[in-house]
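One letter stands for each residue in the lines below.
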Amino acid sequence: MGLSDIFSKLNDKKDDSNLATSIGELFDSSNNNPIRKMMEDVWYRNLLFYLGEQWIEYLPSTRSFRRRIMPDYIPTPVDNQIIEFVRSVKSLLLGQKLITKVAPNTNEKEDTKAAELAELLLEYLDSYNDGEFLDELEKCAICVPLYGVGFMRTFPKMFDDRWMFDKEGNIIPTGEIGVENIIPFQVYVDALGDRLEKKRWIGIQSLKSKEWVEDTFKVKVSSQNANSVDYISRISKLVRQTSTWKGRGYDASNYTIDDDSLVLFREIEMKPTIKYPNGRYIISCDDKILKKYDRMPIPMSEGKWFYSLTDFHYDYMPGNFWSEAGVSNLISPQITINEIDQALAINRKGVARPKMFTPGKIGIKKADDVGALGIGMQVIEYDPLLSGGQKPEIDQGTPLPQQVLEERAIQRTSIQDIGGDPKNILRGQSPGAKASGIMVDTLRETAERGKAPDMERFVRSRTRVQKKRLLLAQEIFTEERMLKICGKGNKWKIVRFKASDLRNNTDVRMELDSGLSTTNSGKMSMLIDFAQRGLLGDVPNNPELRDELFRRAGLSGFTTQESIDSRRAETENAKMS
(Lines give C-alpha, C1' and ligand atoms only; values in the text may rest on other atoms or scores of the structure.)
Protein backbone atom coordinates (compact mmCIF):
# COMPACT_ATOMS: atom_id res chain seq x y z
CA MET A 1 0.00 0.00 0.00
CA GLY A 2 1.39 3.40 -1.01
CA LEU A 3 1.70 6.51 1.12
CA SER A 4 -1.26 8.15 -0.61
CA ASP A 5 -3.52 5.17 0.19
CA ILE A 6 -2.42 5.15 3.83
CA PHE A 7 -2.98 8.89 4.13
CA SER A 8 -6.46 8.51 2.62
CA LYS A 9 -7.33 5.98 5.32
CA LEU A 10 -6.27 8.48 7.99
CA ASN A 11 -8.68 11.04 6.54
CA ASP A 12 -11.59 8.59 6.44
CA LYS A 13 -14.13 9.71 9.03
CA LYS A 14 -16.13 6.50 8.78
CA ASP A 15 -13.38 4.08 9.78
CA ASP A 16 -11.15 4.82 12.78
CA SER A 17 -10.80 1.20 13.89
CA ASN A 18 -7.42 0.68 12.21
CA LEU A 19 -6.16 4.21 12.80
CA ALA A 20 -3.14 3.15 14.89
CA THR A 21 -2.17 0.52 12.32
CA SER A 22 -2.37 3.09 9.52
CA ILE A 23 -0.12 5.50 11.45
CA GLY A 24 2.42 2.72 11.98
CA GLU A 25 2.35 1.88 8.28
CA LEU A 26 2.77 5.56 7.42
CA PHE A 27 5.91 5.89 9.56
CA ASP A 28 7.36 2.58 8.33
CA SER A 29 6.74 3.45 4.69
CA SER A 30 8.35 6.86 5.16
CA ASN A 31 11.34 5.25 6.86
CA ASN A 32 11.82 2.94 3.87
CA ASN A 33 11.78 5.82 1.41
CA PRO A 34 15.06 5.75 -0.63
CA ILE A 35 15.61 9.49 -0.20
CA ARG A 36 15.05 9.19 3.55
CA LYS A 37 17.55 6.30 3.78
CA MET A 38 20.15 8.23 1.81
CA MET A 39 19.73 11.30 4.03
CA GLU A 40 20.05 9.22 7.21
CA ASP A 41 23.35 7.78 5.97
CA VAL A 42 24.59 11.31 5.32
CA TRP A 43 23.44 12.47 8.78
CA TYR A 44 25.21 9.60 10.56
CA ARG A 45 28.39 10.16 8.58
CA ASN A 46 28.45 13.91 9.22
CA LEU A 47 27.71 13.41 12.90
CA LEU A 48 30.56 10.93 13.27
CA PHE A 49 32.99 13.29 11.55
CA TYR A 50 31.72 16.10 13.80
CA LEU A 51 32.46 13.94 16.84
CA GLY A 52 35.99 13.36 15.55
CA GLU A 53 35.58 9.68 14.70
CA GLN A 54 37.30 10.07 11.34
CA TRP A 55 38.68 6.62 10.59
CA ILE A 56 35.50 4.94 9.45
CA GLU A 57 34.33 3.17 6.30
CA TYR A 58 30.90 2.68 4.80
CA LEU A 59 29.55 -0.78 3.91
CA PRO A 60 26.97 -0.47 1.09
CA SER A 61 25.77 -4.05 1.59
CA THR A 62 24.56 -3.45 5.14
CA ARG A 63 24.10 0.36 4.93
CA SER A 64 26.27 0.82 8.00
CA PHE A 65 29.56 2.32 9.10
CA ARG A 66 32.38 0.58 10.88
CA ARG A 67 35.94 1.25 11.95
CA ARG A 68 38.56 0.69 9.31
CA ILE A 69 40.40 -2.52 10.13
CA MET A 70 43.99 -1.44 10.75
CA PRO A 71 46.94 -2.77 12.72
CA ASP A 72 47.11 -1.66 16.32
CA TYR A 73 50.32 0.29 15.79
CA ILE A 74 48.74 2.62 13.20
CA PRO A 75 47.49 5.78 14.95
CA THR A 76 44.34 7.71 14.12
CA PRO A 77 45.23 11.39 14.64
CA VAL A 78 42.35 13.85 14.34
CA ASP A 79 42.66 17.52 13.43
CA ASN A 80 38.94 18.23 13.44
CA GLN A 81 38.34 21.15 11.10
CA ILE A 82 34.68 20.18 10.74
CA ILE A 83 33.78 21.02 14.32
CA GLU A 84 35.48 24.38 13.88
CA PHE A 85 33.37 25.01 10.76
CA VAL A 86 30.18 24.22 12.69
CA ARG A 87 31.25 26.56 15.48
CA SER A 88 31.90 29.30 12.95
CA VAL A 89 28.44 28.92 11.35
CA LYS A 90 26.77 28.74 14.76
CA SER A 91 28.48 31.94 15.90
CA LEU A 92 27.52 33.64 12.65
CA LEU A 93 23.83 32.72 12.97
CA LEU A 94 23.50 33.46 16.69
CA GLY A 95 25.92 36.39 16.93
CA GLN A 96 23.68 38.74 15.01
CA LYS A 97 21.65 41.26 16.96
CA LEU A 98 17.96 41.10 16.05
CA ILE A 99 15.18 43.61 16.61
CA THR A 100 11.68 42.13 17.04
CA LYS A 101 8.79 44.22 15.75
CA VAL A 102 5.07 43.38 16.00
CA ALA A 103 2.80 45.29 13.63
CA PRO A 104 -0.50 46.63 15.06
CA ASN A 105 -3.71 45.73 13.29
CA THR A 106 -4.83 49.38 13.15
CA ASN A 107 -3.43 52.82 13.95
CA GLU A 108 -5.52 53.07 17.10
CA LYS A 109 -3.73 53.69 20.36
CA GLU A 110 -4.99 50.43 21.90
CA ASP A 111 -3.67 48.35 19.02
CA THR A 112 -0.33 50.13 19.16
CA LYS A 113 -0.01 49.38 22.87
CA ALA A 114 -1.03 45.77 22.25
CA ALA A 115 1.75 45.43 19.64
CA GLU A 116 4.28 46.86 22.10
CA LEU A 117 3.02 44.40 24.72
CA ALA A 118 3.51 41.54 22.24
CA GLU A 119 7.12 42.64 21.70
CA LEU A 120 7.69 42.64 25.46
CA LEU A 121 6.09 39.18 25.69
CA LEU A 122 8.45 37.73 23.08
CA GLU A 123 11.40 39.28 24.88
CA TYR A 124 10.18 37.72 28.12
CA LEU A 125 9.72 34.30 26.51
CA ASP A 126 13.29 34.38 25.18
CA SER A 127 14.69 34.77 28.69
CA TYR A 128 12.10 32.57 30.46
CA ASN A 129 13.41 29.63 32.49
CA ASP A 130 17.04 30.81 32.41
CA GLY A 131 17.04 31.29 28.65
CA GLU A 132 15.82 27.80 27.78
CA PHE A 133 14.69 28.98 24.34
CA LEU A 134 18.16 30.32 23.52
CA ASP A 135 19.71 26.96 24.47
CA GLU A 136 17.34 25.12 22.14
CA LEU A 137 18.02 27.67 19.39
CA GLU A 138 21.74 27.01 19.72
CA LYS A 139 21.13 23.27 19.23
CA CYS A 140 19.16 24.08 16.09
CA ALA A 141 22.01 26.30 14.83
CA ILE A 142 24.34 23.30 15.20
CA CYS A 143 21.95 21.00 13.31
CA VAL A 144 21.67 23.38 10.34
CA PRO A 145 25.25 23.02 8.98
CA LEU A 146 25.58 19.46 10.31
CA TYR A 147 22.43 17.90 8.83
CA GLY A 148 21.42 20.57 6.34
CA VAL A 149 18.09 21.12 8.12
CA GLY A 150 17.06 21.79 11.71
CA PHE A 151 13.66 21.81 13.37
CA MET A 152 12.17 23.84 16.21
CA ARG A 153 8.86 22.73 17.71
CA THR A 154 6.42 25.15 19.36
CA PHE A 155 3.89 23.59 21.71
CA PRO A 156 1.90 24.23 24.91
CA LYS A 157 3.93 23.20 27.95
CA MET A 158 1.81 22.31 30.97
CA PHE A 159 2.92 23.02 34.53
CA ASP A 160 1.92 19.64 35.99
CA ASP A 161 3.21 17.58 33.03
CA ARG A 162 -0.31 17.01 31.68
CA TRP A 163 -0.95 16.78 27.98
CA MET A 164 -1.81 19.94 26.09
CA PHE A 165 -5.49 19.27 25.34
CA ASP A 166 -8.48 18.42 27.50
CA LYS A 167 -11.16 15.80 26.74
CA GLU A 168 -13.07 18.18 24.44
CA GLY A 169 -9.98 18.90 22.37
CA ASN A 170 -9.38 22.40 23.73
CA ILE A 171 -5.98 23.60 24.87
CA ILE A 172 -5.75 23.73 28.65
CA PRO A 173 -5.52 27.44 29.59
CA THR A 174 -2.48 27.19 31.83
CA GLY A 175 1.22 26.49 31.59
CA GLU A 176 3.79 28.06 29.33
CA ILE A 177 4.85 28.02 25.70
CA GLY A 178 7.52 25.41 25.06
CA VAL A 179 10.01 25.53 22.21
CA GLU A 180 12.45 22.65 21.71
CA ASN A 181 14.89 21.49 19.10
CA ILE A 182 13.88 18.32 17.22
CA ILE A 183 16.65 16.39 15.47
CA PRO A 184 15.97 15.26 11.87
CA PHE A 185 16.14 11.58 12.87
CA GLN A 186 12.80 12.05 14.66
CA VAL A 187 10.99 13.89 11.84
CA TYR A 188 8.96 12.15 9.14
CA VAL A 189 7.28 14.13 6.39
CA ASP A 190 5.10 13.56 3.37
CA ALA A 191 6.97 12.70 0.16
CA LEU A 192 5.09 15.38 -1.78
CA GLY A 193 6.15 19.01 -1.71
CA ASP A 194 9.58 20.62 -1.30
CA ARG A 195 8.44 22.97 1.49
CA LEU A 196 7.00 22.16 4.88
CA GLU A 197 3.82 24.14 4.15
CA LYS A 198 3.19 21.97 1.08
CA LYS A 199 3.33 18.71 3.04
CA ARG A 200 -0.01 16.99 3.67
CA TRP A 201 1.24 15.67 7.00
CA ILE A 202 4.24 15.63 9.31
CA GLY A 203 5.16 13.11 11.98
CA ILE A 204 7.41 13.06 15.03
CA GLN A 205 8.69 9.74 16.37
CA SER A 206 10.45 9.81 19.71
CA LEU A 207 11.31 7.62 22.67
CA LYS A 208 9.33 8.17 25.83
CA SER A 209 9.39 6.60 29.23
CA LYS A 210 6.80 3.85 29.51
CA GLU A 211 5.88 5.05 32.99
CA TRP A 212 5.32 8.62 31.76
CA VAL A 213 3.02 7.52 28.92
CA GLU A 214 0.91 5.33 31.22
CA ASP A 215 0.61 8.03 33.90
CA THR A 216 -0.18 10.82 31.44
CA PHE A 217 -2.70 9.08 29.18
CA LYS A 218 -4.08 6.53 31.67
CA VAL A 219 -3.53 3.57 29.35
CA LYS A 220 -1.48 0.39 29.54
CA VAL A 221 1.23 0.07 26.88
CA SER A 222 3.83 -2.59 26.23
CA SER A 223 7.51 -2.11 25.43
CA GLN A 224 8.60 -2.23 21.81
CA ASN A 225 11.85 -2.54 19.94
CA ALA A 226 12.70 1.03 20.78
CA ASN A 227 16.41 0.51 20.23
CA SER A 228 15.80 0.14 16.49
CA VAL A 229 14.97 3.85 16.20
CA ASP A 230 17.06 5.18 19.05
CA TYR A 231 19.64 7.18 17.14
CA ILE A 232 21.57 7.77 20.37
CA SER A 233 22.10 4.02 20.82
CA ARG A 234 23.13 3.67 17.18
CA ILE A 235 25.57 6.54 17.42
CA SER A 236 26.95 5.11 20.67
CA LYS A 237 27.46 1.79 18.93
CA LEU A 238 29.20 3.40 15.97
CA VAL A 239 31.46 5.48 18.21
CA ARG A 240 32.19 2.39 20.27
CA GLN A 241 33.31 0.59 17.12
CA THR A 242 35.25 3.44 15.53
CA SER A 243 36.87 5.12 18.54
CA THR A 244 40.51 4.14 18.78
CA TRP A 245 41.89 3.61 22.19
CA LYS A 246 45.28 2.18 21.21
CA GLY A 247 43.71 1.11 17.93
CA ARG A 248 40.72 -0.68 19.44
CA GLY A 249 37.17 0.29 20.27
CA TYR A 250 36.15 0.66 23.89
CA ASP A 251 33.46 -1.27 25.71
CA ALA A 252 30.32 0.81 26.33
CA SER A 253 27.98 -2.04 27.20
CA ASN A 254 27.48 -0.62 30.68
CA TYR A 255 25.98 2.56 29.20
CA THR A 256 23.10 0.95 27.29
CA ILE A 257 19.53 1.94 28.14
CA ASP A 258 17.02 -0.63 29.31
CA ASP A 259 14.69 -1.11 26.35
CA ASP A 260 11.91 -2.37 28.63
CA SER A 261 11.43 1.14 30.00
CA LEU A 262 11.09 2.85 26.58
CA VAL A 263 8.23 2.99 24.10
CA LEU A 264 7.76 4.49 20.64
CA PHE A 265 5.73 7.69 20.87
CA ARG A 266 4.31 8.82 17.54
CA GLU A 267 2.61 12.12 16.79
CA ILE A 268 1.15 13.11 13.45
CA GLU A 269 -0.25 16.45 12.31
CA MET A 270 -2.38 16.70 9.16
CA LYS A 271 -3.14 19.90 7.29
CA PRO A 272 -6.75 21.08 6.90
CA THR A 273 -8.89 19.22 4.37
CA ILE A 274 -12.54 19.34 3.35
CA LYS A 275 -13.40 16.65 5.88
CA TYR A 276 -11.27 18.24 8.62
CA PRO A 277 -11.26 22.02 8.06
CA ASN A 278 -9.15 22.62 11.20
CA GLY A 279 -6.68 19.83 10.48
CA ARG A 280 -6.03 16.80 12.65
CA TYR A 281 -3.64 15.80 15.43
CA ILE A 282 -3.25 12.14 16.51
CA ILE A 283 -1.00 10.45 19.08
CA SER A 284 -0.32 6.70 19.02
CA CYS A 285 1.80 4.27 21.01
CA ASP A 286 1.93 0.46 21.02
CA ASP A 287 -0.66 0.24 18.23
CA LYS A 288 -3.04 2.22 20.42
CA ILE A 289 -4.52 5.64 19.85
CA LEU A 290 -3.77 7.75 22.90
CA LYS A 291 -5.41 10.97 21.73
CA LYS A 292 -6.99 12.29 18.56
CA TYR A 293 -8.20 15.82 17.93
CA ASP A 294 -9.91 17.43 14.97
CA ARG A 295 -7.60 20.40 15.09
CA MET A 296 -3.88 21.21 14.94
CA PRO A 297 -1.73 22.09 17.99
CA ILE A 298 -1.16 25.64 16.68
CA PRO A 299 -4.49 27.52 16.39
CA MET A 300 -5.50 28.84 12.99
CA SER A 301 -5.31 32.59 12.40
CA GLU A 302 -7.31 34.38 9.70
CA GLY A 303 -7.78 31.13 7.81
CA LYS A 304 -4.07 30.27 7.89
CA TRP A 305 -2.79 27.06 9.46
CA PHE A 306 0.63 26.22 10.88
CA TYR A 307 2.51 23.04 11.78
CA SER A 308 4.07 22.96 15.23
CA LEU A 309 7.42 22.31 13.52
CA THR A 310 9.46 25.07 11.92
CA ASP A 311 12.23 24.10 9.49
CA PHE A 312 15.62 25.80 9.26
CA HIS A 313 17.62 25.10 6.08
CA TYR A 314 21.30 25.50 5.17
CA ASP A 315 21.39 25.09 1.36
CA TYR A 316 18.19 24.44 -0.56
CA MET A 317 18.17 21.62 -3.07
CA PRO A 318 15.56 22.49 -5.75
CA GLY A 319 12.88 19.84 -5.87
CA ASN A 320 13.89 18.25 -2.55
CA PHE A 321 12.76 19.10 0.96
CA TRP A 322 15.96 17.88 2.65
CA SER A 323 18.72 20.45 2.21
CA GLU A 324 22.42 19.92 1.61
CA ALA A 325 24.61 20.03 4.71
CA GLY A 326 27.65 22.28 4.77
CA VAL A 327 29.72 19.58 6.46
CA SER A 328 29.32 17.27 3.43
CA ASN A 329 31.61 19.48 1.31
CA LEU A 330 34.38 19.43 3.94
CA ILE A 331 34.76 15.68 4.41
CA SER A 332 37.03 15.12 1.39
CA PRO A 333 39.75 17.62 2.45
CA GLN A 334 39.31 16.50 6.07
CA ILE A 335 40.10 12.90 5.11
CA THR A 336 43.22 14.08 3.22
CA ILE A 337 44.41 15.96 6.31
CA ASN A 338 43.83 12.88 8.44
CA GLU A 339 45.80 10.68 6.03
CA ILE A 340 48.72 13.12 6.05
CA ASP A 341 48.67 13.26 9.85
CA GLN A 342 48.60 9.49 9.94
CA ALA A 343 51.58 9.28 7.57
CA LEU A 344 53.50 11.79 9.68
CA ALA A 345 52.82 9.81 12.84
CA ILE A 346 53.86 6.51 11.25
CA ASN A 347 56.97 8.10 9.76
CA ARG A 348 57.91 9.61 13.09
CA LYS A 349 57.56 6.23 14.78
CA GLY A 350 59.17 4.27 11.94
CA VAL A 351 61.62 5.29 9.26
CA ALA A 352 62.06 8.86 10.40
CA ARG A 353 62.80 7.84 13.99
CA PRO A 354 66.52 8.21 14.79
CA LYS A 355 68.43 4.93 14.29
CA MET A 356 71.24 3.81 16.57
CA PHE A 357 74.09 1.51 15.48
CA THR A 358 75.92 0.11 18.48
CA PRO A 359 79.13 -1.98 18.46
CA GLY A 360 78.34 -3.46 21.83
CA LYS A 361 75.87 -3.57 24.69
CA ILE A 362 74.47 -0.23 25.81
CA GLY A 363 72.23 0.89 28.66
CA ILE A 364 69.96 3.86 29.37
CA LYS A 365 69.78 5.54 32.75
CA LYS A 366 68.22 8.65 34.18
CA ALA A 367 70.63 11.45 35.04
CA ASP A 368 69.48 14.19 37.41
CA ASP A 369 70.76 17.73 37.75
CA VAL A 370 72.57 17.75 34.43
CA GLY A 371 73.92 21.11 33.39
CA ALA A 372 73.50 24.55 34.92
CA LEU A 373 69.68 24.40 34.90
CA GLY A 374 69.56 21.12 36.81
CA ILE A 375 67.28 19.39 34.28
CA GLY A 376 67.00 15.60 34.40
CA MET A 377 67.23 13.55 31.20
CA GLN A 378 67.81 10.06 29.80
CA VAL A 379 71.44 9.33 28.83
CA ILE A 380 73.05 6.43 26.94
CA GLU A 381 75.69 4.49 28.84
CA TYR A 382 78.11 2.05 27.18
CA ASP A 383 81.38 0.31 28.06
CA PRO A 384 84.22 1.30 25.66
CA LEU A 385 86.21 -1.81 26.59
CA LEU A 386 83.42 -4.16 25.52
CA SER A 387 82.80 -2.17 22.34
CA GLY A 388 86.45 -2.20 21.25
CA GLY A 389 86.81 1.53 21.74
CA GLN A 390 84.00 2.36 19.27
CA LYS A 391 81.04 4.55 20.25
CA PRO A 392 77.42 4.18 19.10
CA GLU A 393 76.42 5.96 15.87
CA ILE A 394 73.07 7.80 15.61
CA ASP A 395 71.36 8.41 12.26
CA GLN A 396 68.70 11.14 12.12
CA GLY A 397 66.38 9.10 9.85
CA THR A 398 64.49 10.12 6.71
CA PRO A 399 61.67 12.66 7.22
CA LEU A 400 58.78 13.13 4.82
CA PRO A 401 59.34 15.73 2.08
CA GLN A 402 58.18 19.31 2.53
CA GLN A 403 55.59 18.74 -0.20
CA VAL A 404 53.50 16.68 2.24
CA LEU A 405 53.29 19.52 4.76
CA GLU A 406 52.48 22.00 1.98
CA GLU A 407 49.65 19.74 0.78
CA ARG A 408 48.26 19.66 4.33
CA ALA A 409 48.27 23.47 4.44
CA ILE A 410 46.51 23.59 1.07
CA GLN A 411 43.77 21.26 2.31
CA ARG A 412 43.23 23.41 5.42
CA THR A 413 42.94 26.50 3.21
CA SER A 414 40.45 24.61 1.01
CA ILE A 415 38.28 23.86 4.05
CA GLN A 416 38.31 27.52 5.02
CA ASP A 417 37.40 28.65 1.49
CA ILE A 418 34.65 26.04 1.05
CA GLY A 419 33.22 26.93 4.44
CA GLY A 420 33.10 30.60 3.47
CA ASP A 421 35.54 31.69 6.18
CA PRO A 422 38.85 32.54 4.44
CA LYS A 423 41.75 32.94 6.85
CA ASN A 424 39.30 32.12 9.67
CA ILE A 425 38.20 35.76 9.79
CA LEU A 426 34.79 34.86 11.24
CA ARG A 427 36.52 33.04 14.08
CA GLY A 428 38.37 36.21 15.02
CA GLN A 429 41.83 35.32 13.69
CA SER A 430 44.02 37.96 12.09
CA PRO A 431 44.88 37.36 8.42
CA GLY A 432 48.48 38.46 8.90
CA ALA A 433 50.92 40.15 11.21
CA LYS A 434 50.67 43.49 9.39
CA ALA A 435 46.87 43.56 9.05
CA SER A 436 45.25 46.65 10.54
CA GLY A 437 42.01 46.73 12.49
CA ILE A 438 40.19 48.36 9.55
CA MET A 439 41.45 45.62 7.25
CA VAL A 440 40.24 42.89 9.60
CA ASP A 441 36.86 44.63 9.91
CA THR A 442 36.57 44.92 6.11
CA LEU A 443 37.48 41.27 5.54
CA ARG A 444 35.01 40.13 8.18
CA GLU A 445 32.24 42.23 6.63
CA THR A 446 33.05 40.75 3.19
CA ALA A 447 32.90 37.21 4.59
CA GLU A 448 29.60 37.93 6.33
CA ARG A 449 28.16 39.37 3.11
CA GLY A 450 28.77 36.02 1.47
CA LYS A 451 26.78 34.39 4.28
CA ALA A 452 23.97 36.95 4.14
CA PRO A 453 21.43 34.60 2.47
CA ASP A 454 22.05 31.97 5.13
CA MET A 455 21.64 34.52 7.91
CA GLU A 456 18.44 35.96 6.43
CA ARG A 457 16.99 32.48 5.90
CA PHE A 458 17.68 31.64 9.54
CA VAL A 459 16.02 34.88 10.63
CA ARG A 460 12.92 34.12 8.51
CA SER A 461 12.52 30.73 10.15
CA ARG A 462 13.03 32.24 13.58
CA THR A 463 10.32 34.79 12.76
CA ARG A 464 7.88 31.92 12.09
CA VAL A 465 8.67 30.51 15.53
CA GLN A 466 7.91 33.86 17.15
CA LYS A 467 4.59 34.12 15.30
CA LYS A 468 3.55 30.66 16.52
CA ARG A 469 4.46 31.62 20.08
CA LEU A 470 2.15 34.63 19.90
CA LEU A 471 -0.67 32.48 18.50
CA LEU A 472 -0.33 30.02 21.37
CA ALA A 473 -0.04 32.83 23.92
CA GLN A 474 -3.46 34.18 22.96
CA GLU A 475 -4.99 30.76 23.59
CA ILE A 476 -3.09 29.74 26.73
CA PHE A 477 -2.50 32.91 28.75
CA THR A 478 -6.14 33.41 29.75
CA GLU A 479 -5.30 34.23 33.35
CA GLU A 480 -3.36 37.33 34.35
CA ARG A 481 0.39 37.00 34.04
CA MET A 482 3.37 39.14 35.01
CA LEU A 483 6.22 39.95 32.64
CA LYS A 484 9.60 40.77 34.15
CA ILE A 485 11.91 42.36 31.61
CA CYS A 486 15.23 44.12 32.06
CA GLY A 487 14.77 47.54 30.46
CA LYS A 488 16.80 50.70 30.06
CA GLY A 489 19.40 51.50 32.65
CA ASN A 490 19.53 47.81 33.63
CA LYS A 491 16.27 48.30 35.56
CA TRP A 492 13.49 45.74 35.76
CA LYS A 493 10.20 46.48 34.05
CA ILE A 494 7.16 44.61 35.36
CA VAL A 495 4.00 44.44 33.23
CA ARG A 496 0.69 42.68 33.91
CA PHE A 497 -1.21 41.26 30.96
CA LYS A 498 -3.70 38.67 29.72
CA ALA A 499 -4.19 37.05 26.33
CA SER A 500 -7.01 39.48 25.50
CA ASP A 501 -4.58 42.41 25.86
CA LEU A 502 -2.66 41.22 22.77
CA ARG A 503 -5.71 42.04 20.57
CA ASN A 504 -4.71 39.37 18.01
CA ASN A 505 -1.50 41.15 17.00
CA THR A 506 0.62 38.35 15.52
CA ASP A 507 2.37 39.97 12.53
CA VAL A 508 5.99 39.58 13.60
CA ARG A 509 9.05 40.84 11.79
CA MET A 510 12.64 40.33 12.94
CA GLU A 511 15.28 42.59 11.46
CA LEU A 512 19.05 42.49 11.55
CA ASP A 513 20.48 45.38 13.51
CA SER A 514 23.01 46.62 10.95
CA GLY A 515 25.64 49.28 11.44
CA LEU A 516 28.59 50.89 9.70
CA SER A 517 31.02 49.08 11.96
CA THR A 518 30.83 45.43 12.97
CA THR A 519 33.20 45.61 15.95
CA ASN A 520 32.20 46.86 19.39
CA SER A 521 35.20 49.17 19.59
CA GLY A 522 34.28 50.70 16.22
CA LYS A 523 30.65 51.26 17.27
CA MET A 524 31.73 52.84 20.56
CA SER A 525 34.16 55.10 18.75
CA MET A 526 31.38 56.29 16.43
CA LEU A 527 29.03 56.97 19.39
CA ILE A 528 31.67 59.05 21.15
CA ASP A 529 32.32 60.97 17.94
CA PHE A 530 28.59 61.62 17.46
CA ALA A 531 28.26 62.78 21.09
CA GLN A 532 31.17 65.19 20.71
CA ARG A 533 29.70 66.63 17.53
CA GLY A 534 26.31 67.11 19.20
CA LEU A 535 24.46 64.75 16.84
CA LEU A 536 22.94 62.85 19.78
CA GLY A 537 21.61 65.96 21.49
CA ASP A 538 22.54 67.49 24.82
CA VAL A 539 24.13 64.40 26.40
CA PRO A 540 25.49 66.07 29.61
CA ASN A 541 22.06 67.45 30.53
CA ASN A 542 19.95 64.51 29.32
CA PRO A 543 19.97 61.62 31.82
CA GLU A 544 18.34 59.14 29.40
CA LEU A 545 20.91 59.73 26.67
CA ARG A 546 23.71 59.53 29.22
CA ASP A 547 22.37 56.24 30.62
CA GLU A 548 22.12 54.84 27.08
CA LEU A 549 25.76 55.67 26.39
CA PHE A 550 26.77 54.10 29.72
CA ARG A 551 24.82 50.96 28.80
CA ARG A 552 26.44 50.64 25.38
CA ALA A 553 29.86 51.17 26.97
CA GLY A 554 29.22 48.37 29.45
CA LEU A 555 28.72 50.75 32.41
CA SER A 556 24.99 50.17 32.92
CA GLY A 557 25.50 49.80 36.66
CA PHE A 558 27.19 53.21 36.93
CA THR A 559 25.27 55.36 39.42
CA THR A 560 24.70 59.05 38.78
CA GLN A 561 23.18 61.67 41.07
CA GLU A 562 19.99 61.81 39.02
CA SER A 563 19.51 58.04 39.21
CA ILE A 564 19.95 58.10 43.01
CA ASP A 565 17.32 60.84 43.35
CA SER A 566 14.88 59.05 41.02
CA ARG A 567 15.26 55.77 42.90
CA ARG A 568 14.68 57.55 46.21
CA ALA A 569 11.52 59.14 44.80
CA GLU A 570 10.31 55.77 43.49
CA THR A 571 10.89 54.21 46.91
CA GLU A 572 8.88 56.98 48.61
CA ASN A 573 6.02 56.61 46.12
CA ALA A 574 5.98 52.85 46.70
CA LYS A 575 5.73 53.36 50.47
CA MET A 576 2.87 55.82 50.09
CA SER A 577 0.93 53.53 47.74
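The structure displayed is predicted, hence computed values, not measured ones.

Cut-off values and rules
- Residues numbered from 1 in each chain as written.
- Predicted model: local features only at pLDDT ≥ 70, side-chain atom pairs only at ≥ 80, totals over all residues.
- Heavy atoms only, no water.
- Salt bridge = Lys/Arg side-chain N within 4 Å of Asp/Glu carboxyl O.
- Helix = DSSP H or I, 4+ residues; strand = E, 2+ residues; numbered from the N terminus.
- Buried < 20%, exposed > 50% of the residue type's maximum accessible area, 1.4 Å probe, protein only.
- Phe/Tyr/Trp six-rings, centres within 6.5 Å; stacked < 30°, edge-to-face > 60°.
- Pairing = 2+ DSSP bridges.
- Axes fitted to C-alpha atoms, helices over the stretch in contact; angles between N-to-C directions.
- Contact = heavy atoms within 4.5 Å.

1. Focus on the pattern of salt bridges
When their charged atoms lie close together, side chains carrying opposite charge are able to pair. Applying the stated criterion across every chain, the model contains 18 salt bridges. In this structure, the salt-bridge partner of Arg280 is Asp294, at a minimum N-O distance of 3.7 Å. Linking Arg280 in strand 9 (residues 280-285) with Asp294 in the loop between strand 10 (288-293) and strand 11 (309-313), this pair joins segments that are 14 residues apart in sequence. Residue Arg280 is classed as buried on the basis of its relative accessible area, which comes to 2%.

2. Observations regarding the packing of aromatic side chains
The final tally for this structure, using the stated rule, is 16 aromatic pairs. For the pair Tyr44 and Phe185, a centre-to-centre distance of 4.7 Å together with 50° between the ring planes defines the contact as tilted. In this pair, Tyr44 sits in helix 3 (residues 34-51) while Phe185 sits in the loop between strand 5 (176-182) and strand 6 (187-189), placing the two residues 141 residues apart along the sequence. In this pair, the class of Tyr44 matches that of Phe185, namely buried. An angle of 85° between the planes, with centres 6.0 Å apart, marks the rings of Trp212 and Phe217 as edge-to-face.

3. Here's the deal with the sheet that holds strand 4 (residues 149-157)
Strand order in this open sheet of 3 strands is 5-4-11, and the pairing throughout is antiparallel. Each of the sheet's edge strands pairs with one partner strand only, and the pair in question is strand 5 and strand 11. Geometrically, the sheet is characterised by an average inter-axis angle of 20° between neighbouring strands, direction not taken into account. Judged from the 5 bridges that link them, strand 4 and strand 11 form a sheet pairing that is antiparallel. Bridging from a neighbouring strand, Arg153 pairs with Leu309 of strand 11. Across the face of the sheet, helix 5 (residues 109-147) comes into contact with strand 4, strand 5 and strand 11 while running at roughly 155° to strand 4. Of the strands in this sheet, strand 4, strand 5 and strand 11 touch helix 11 (residues 452-476), which is tilted by about 170° from strand 11.

4. Some thoughts on the sheet that holds strand 7 (residues 201-209)
Read from one edge of the open sheet, 5 strands run 6-7-8-9-10, paired in antiparallel fashion. Edge strands, defined here as strands with exactly one partner in the open sheet, are strand 6 and strand 10. Going across the sheet, the axis of each strand differs from the next one's by a mean of 20°, ignoring polarity. Together, strand 7, strand 8 (262-270), strand 9 and strand 10 form the strand contacts of helix 6 (residues 210-217), whose direction differs from that of strand 7 by roughly 110°.

5. A closer look at the pairing of strand 8
Within strand 8, 9 of the 9 residues are buried, leaving the element largely enclosed by the surrounding structure. Burial along strand 8 is two-sided: Leu262, Leu264, Arg266, Ile268 and Met270 and Val263, Phe265, Glu267 and Glu269, pointing in opposite directions, are all buried. Strand direction decides the pairing type here: strand 7 and strand 8, joined by 9 bridges, are antiparallel. Residue pairing for strand 8: Ile204 is matched across the bridge by Glu267.

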